[in-house]
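Summary of structural features
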Amino acid sequence: MLGSAPPHRSLPAGVAEAAALLEEAARTGFPCPPVRPLLPEADIEAAYAVQRLHVERAVQAGRRLVGRKIGLTSPAVQRQLGVDRPDFGALFADMAVPEGQPIAPGRLLQPKVEAEVALVLGTDLPHRDPTSADLLRATAFALPALEIVDSRIAGWDITIVDTVADNASCGLYVLGGTPVPLDRVDLRATTMTLTKNGERVSQGTGADCLGSPLTAALWLAATLAGLGDPLRAGDIVLTGALGPMVAAAEGDDFTADIAGLGTVTTSFASSTSFASSASFAPSASFASTTTEGAGA
């Protein structure tokens with residue numbers, strides 16, 4: 001399992017240093033330089049080693065792993081970063097934001113919002129070669145979702161190595177509240193509209209996500225099973241953006257409407273409106289053990 005560290009494991013060159021740099025950015029709230037100079041050039045496996053180290057430390061500190069997110073599902077973004085495949089990151093329970101609960105100022109460093117389809121599994125997906133039928137059988141329901149991506153790297157100056165090491169630029173996520181069985185929605189044909197403060201800022205379709213959100217989920221299931229850490233019953237899978245991501249700032253309100261799944265909303269509190277609230281602690285997705293309890 002990603003959260004279990006084998007004893008006496010030797011790490012590739014630069015992995016510990018890259019993890020420390022990202023953790024320091026999360027702890028202090030100040031973005032760091034790109035980590036790619038610390039790792040072998042274009043070495044995605046070394047980047048995943050950084051991510052695994054983060055996940056292991058987080059699990060050991062008591063954070064609960066609840067699923068995965070898929071990134072780089074847009075062919076345009078893949079071309080921009082010079083890759084031909086998606087990536088994935090880990091989702092923790094403390095990264096979930098309930099609808100209606102504003103996101104605290106300073107909780108993220110450089111947030112951007114994207115609308116996605118979330119799948120929640122009812123059974124395990126242990127096979128290295130899962131079929132569409134396996135996935136359909138294993139999925140309990142779908143939900144509309146907002147992923148608030150974030151980067152611990154200054155100015156989003158990232159390559160594939162940087163974003164993978166940075167837990168696939170995970171930040172927070174918001175799930176809609178009405179589960180929809182897969183036999184009631186065509187995820188490939190679904191359409192999405194994302195509004196910011198009432199103005200449409202992003203749109204797309206299920207086909208814009210690697211051809212279909214189900215295709216993206218199949219890639220993830222096969223990849224994780226091949227790593228010996230398959231998707232399990234109860235896991236949340238954020239299948240990837242249906243349209244371009246949009247920068248967020250204090251005071252912004254976002255609503256995604258995904259045909260057949262419904263709507264999901266979130267808001268970013270302003271410093272003035274949040275100043276008197278003490279119910280919610282700042283956090284970062286790439287939190288080290290020193291920031292546990294701050295959530296992401």
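Residues numbered from 1 in each chain as written. Predicted model: local features only at pLDDT ≥ 70, side-chain atom pairs only at ≥ 80, totals over all residues. Heavy atoms only, no water.

Digging into the pattern of salt bridges
Per the counting criterion, the structure on display carries twelve salt bridges. Notably, a salt bridge pairs Glu24 with Arg27, separated by 2.8 Å at the nearest N-O pair. Note that Glu24 and Arg27 are positioned in helix H1 (residues 15–28) at a spacing of three residues, about one turn of the helix. Taking the relative accessible area as the measure of exposure, Glu24 reaches 37% and is therefore partly exposed. Among the residues examined, Arg27 registers a relative accessible area of 46% and is labelled partly exposed. For Arg36, the salt bridge is made with Asp157, and the minimal N-O distance between the two is 3.1 Å. With Arg36 in the loop between H1 and helix H2 (44–60) and Asp157 in the loop between strand S4 (139–149) and helix H5 (160–165), this pair connects stretches of sequence that are 121 residues apart. (Salt bridge = Lys/Arg side-chain N within 4 Å of Asp/Glu carboxyl O. Helix = DSSP H or I, 4+ residues; strand = E, 2+ residues; numbered from the N terminus. Buried < 20%, exposed > 50% of the residue type's maximum accessible area, 1.4 Å probe, protein only.)

Describing the sheet that holds strand S7 (residues 199–205)
The sheet built from four strands is open, its strands ordered S7-S6-S10-S11 with antiparallel pairing. Of all the strands in the sheet, the pair left with one neighbour each is S7 and strand S11 (262–267). Adjacent strand axes in the sheet meet at a mean angle of 15 degrees, parallel and antiparallel pairs treated alike. Across six bridges, the pairing between strand S6 (residues 191–196) and S7 is antiparallel. Bridging across to S7, Thr195 finds its partner in Arg200. (Pairing = 2+ DSSP bridges. Axes fitted to C-alpha atoms, helices over the stretch in contact; angles between N-to-C directions.)

A few points about the side chain of Asp229
For Asp229, the position within the fold is in the loop between helix H6 (213–226) and strand S8 (236–241). Since its relative accessible area comes to 9%, Asp229 is described here as buried. Here Arg68 takes part through its side chain, which lies 2.6 Å from a polar atom of the side chain of Asp229. (Polar contact = N/O pair within 3.5 Å; in protein donor to acceptor, adjacent residues only side chain to side chain.)

A closer look at the environment of Met245
Relative to the helices and strands, Met245 resides in the loop between S8 and strand S9 (246–247). Each C-alpha atom of the pair Met245 and Glu114 lies 4.5 Å from the other, and the pair is 131 residues apart in sequence. Other than its neighbours up to four places away in sequence, Met245 contacts Lys112, Val113, Glu114, Val149 and Trp156. (Contact = heavy atoms within 4.5 Å.)

Structural notes on the confidence of the model for the chain
Taken as a whole, the chain shows an average pLDDT of 90; of its residues, 89% reach a score of 70 or greater. This model gives residues 278–284 a pLDDT under 50, and the stretch forms 20 contacts once residues within four places in sequence are excluded. Note on residues 288–296: pLDDT is under 50 here. Beyond four places in sequence and across chains, it has 27 contacts. (pLDDT = per-residue confidence, 0-100.)

A look at the packing of H1 against H2
Working note: a packed helix pair is described by the angle between its axes plus the distance between those axes. At a closest axis distance of 9 Å, the pairing of H1 and H2 adopts a crossing angle of 60 degrees. In terms of orientation, H1 lies oblique with respect to H2. Here the hand of the crossing between H1 and H2 comes out right-handed. Residues Val15, Ala16, Ala18, Ala19, Leu22 and Glu23 of H1 lie in contact with H2, whose contacting residues are Ala46, Ala49, Val50, Leu53 and Arg57. When grouped by side-chain class, the residues that make up the contact of H1 with H2 number nine nonpolar, no polar and two charged. (Parallel < 35°, antiparallel > 145°, perpendicular 65-115°, else oblique. Left-handed = near helix turned anticlockwise from the far one by under 90°. Nonpolar A, V, L, I, M, F, W, Y, C, P; charged D, E, K, R; others polar.)

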